[in-house]
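Each chain, letter by letter, is given below.
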Amino acid sequence: GRCASFAIDAPHKNLKFFAALESATHRYELDVVEEDGTYACSYLVAAPPGPYELSILLDDEVPVPGSPFTTTVAAGAPCALAGPNEAAPGEKIDIDVRDAYGHAADFDLRV
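This is a predicted model, so every value here is computed, not measured. (Residues numbered from 1 in each chain as written. Predicted model: local features only at pLDDT ≥ 70, side-chain atom pairs only at ≥ 80, totals over all residues. Heavy atoms only, no water.)

## A look at the nonpolar core
The nonpolar side chains of a soluble globular protein tend to be buried with one another.
Thinking step 1. Within the largest apolar cluster, 18 residues are counted, with the highest numbers of intra-cluster contacts made by Phe6, Phe17, Leu21, Leu30, Val32, Tyr43 and Ile56.
Thinking step 2. Those elements that place two or more of their residues in this core are strand S1 (3-9), strand S2 (17-22), strand S5 (38-44) and strand S6 (50-58).
Thinking step 3. Among residues more than four places away in sequence, those in contact with Val32 are Phe6, Ile8, Phe17, Ala19, Tyr39, Ala40 and Cys41. (Core = buried A, V, L, I, M, F, W, Y, C linked by side-chain atoms within 4.5 Å. Buried < 20%, exposed > 50% of the residue type's maximum accessible area, 1.4 Å probe, protein only. Helix = DSSP H or I, 4+ residues; strand = E, 2+ residues; numbered from the N terminus. Contact = heavy atoms within 4.5 Å.)

## Quick look at the sheet that holds strand S4 (residues 33-35)
Thinking step 1. An order of S1-S5-S4 is seen for the three strands of this open sheet, with the pairing classed as antiparallel. Pairing within the sheet leaves two strands with one partner each, and these edge strands are S1 and S4. Geometrically, the sheet is characterised by an average inter-axis angle of 30 degrees between neighbouring strands, direction not taken into account.
Thinking step 2. Bridge analysis of S1 against S5 gives seven bridges, and the strand direction is antiparallel. Its bridge partner lying in S5, Ser5 is registered against Ser42. (Pairing = 2+ DSSP bridges. Axes fitted to C-alpha atoms, helices over the stretch in contact; angles between N-to-C directions.)

## A word on the packing of aromatic side chains
Thinking step 1. Overall, the coordinates contain two aromatic pairs when judged by the stated rule.
Thinking step 2. Taking 4.9 Å as the distance between ring centres and 65 degrees as the angle between the ring planes, the aromatic pair formed by Phe17 and Tyr39 counts as edge-to-face. Of this pair, Phe17 sits in strand S2 while Tyr39 sits in strand S5; the two residues are 22 residues apart in sequence, bridging distant segments of the chain. For the pair shown, Phe17 and Tyr39 are each scored as buried. (Phe/Tyr/Trp six-rings, centres within 6.5 Å; stacked < 30°, edge-to-face > 60°.)

## Notes on the pattern of salt bridges
A side chain with one charge may pair with a side chain of the opposite charge, provided their charged atoms come close.
Thinking step 1. Per the stated rule, a full pass over the model turns up three salt bridges.
Thinking step 2. Here Glu29 and Arg27 are joined by a salt bridge, their closest N and O atoms 3.9 Å apart.
Thinking step 3. By relative accessible area, Glu29 is classed as exposed at 58%.
Thinking step 4. A salt bridge links Asp96 to Arg98; the nearest nitrogen and oxygen atoms lie 3.1 Å apart. (Salt bridge = Lys/Arg side-chain N within 4 Å of Asp/Glu carboxyl O.)

## Notes on a nonpolar patch on the surface
Thinking step 1. A surface patch of nonpolar side chains, amounting to about 460 Å² of accessible area, comprises Leu81, Ile93, Ile95, Phe107 and Leu109.
Thinking step 2. Residue classification places Phe107 among the partly exposed positions, given a relative accessible area of 43%. (Patch = residues over 30% accessible without salt bridge, like charges linked within 9 Å, V, L, I, M, F, W, Y side chains within 5 Å. Areas by Shrake-Rupley, 256 points an atom, 1.4 Å probe, with all protein chains shown as cover.)

Dropping the structure here:
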């Protein structure tokens, strides 16, 4: 659940790029916007963390060199904890930690 972006440096204006971020279970189509001859895309992914492929195509059919690109979507920052309110000294407890999208998030607690 973090913002990511990429830019495409192309020698021509008015080109049409298509981008998609996909995993085995999710697919997101991304908007690529032209500004002053540079093509840019910013996106926020609320998908489950894991490996994804970022495909970028010119005119919806010609892959840009290197496409698809392998990337990893990480969980967002921890923002919700669930577990018991109390524990006896020395007792081990389990705490469920989630990001803002409900995905399990890494959390390190030392007391």
